[in-house]
Amino acid sequence: LQPRVVSVKPLKDYKLLLQFETEKKLFDVEPYISGEWYGKLRDSEFFKTVHISGHTVECADGQDIAPHELYENSIVAILPFNNIIKINNENIMDSA
């Protein structure tokens, strides 16, 4: 049984910063953004509606991702001393 998501923060480039009970992880939502239902996530303002719902996260219209996918398909987020998260040398979030 994977740890439960306790908080979520939407980042740029369709990434989510997920706080699990045991660690922080980054999840890339972009591969899921297609079709009429999940395609709505391409709108950055709509993407920002992400929130905790039960054991997973969802957006305003109910788009969700299975909890095991959130955990298994995310990478551990290591926060450096300056609290800047980088992927491929690009700042994606100042976590302060």
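**Student:** It is not clear to me how the pattern of salt bridges should be interpreted in this structure. Could you clarify?
**Tutor:** Close approach of charged atoms lets side chains of opposite charge pair. Counting across every chain of the model gives five salt bridges. Here Asp-28 ties to Lys-15 by a salt bridge, and the two come within 3.8 Å at their closest N and O atoms. You can see Asp-28 sitting in strand β3 (residues 24–28) and its partner Lys-15 sitting in strand β2 (residues 15–20), a full 13 residues away along the chain. Since its relative accessible area comes to 29%, Asp-28 is described here as partly exposed. Here Lys-48 ties to Glu-45 by a salt bridge, and the two come within 3.2 Å at their closest N and O atoms.

**Student:** What is the right way to look at the environment of Lys-25 in this model?
**Tutor:** Considering the arrangement of structural elements, one finds Lys-25 in strand β3. For the pair formed by Lys-25 and Ala-77, sequence separation is 52 residues and the distance between their alpha carbons is 4.7 Å. In terms of polar contacts, Lys-25 uses its side chain to reach the backbone carbonyl oxygen of Tyr-71, at 2.8 Å.

**Student:** Explanation requested: the sheet that holds β3 in the structure shown.
**Tutor:** With antiparallel pairing, four strands are arranged side by side in an open sheet as β1-β2-β3-β6. Of all the strands in the sheet, the pair left with one neighbour each is β1 (5–11) and β6 (75–76). Of the strand pairs in this sheet, β2 and β3 are connected by five bridges, and their pairing is antiparallel. Among the inter-strand pairings, Lys-15 is bridged to a residue of β3, identified as Asp-28.

Rules of the game
- Residues numbered from 1 in each chain as written.
- Predicted model: local features only at pLDDT ≥ 70, side-chain atom pairs only at ≥ 80, totals over all residues.
- Heavy atoms only, no water.
- Salt bridge = Lys/Arg side-chain N within 4 Å of Asp/Glu carboxyl O.
- Helix = DSSP H or I, 4+ residues; strand = E, 2+ residues; numbered from the N terminus.
- Buried < 20%, exposed > 50% of the residue type's maximum accessible area, 1.4 Å probe, protein only.
- Polar contact = N/O pair within 3.5 Å; in protein donor to acceptor, adjacent residues only side chain to side chain.
- Pairing = 2+ DSSP bridges.

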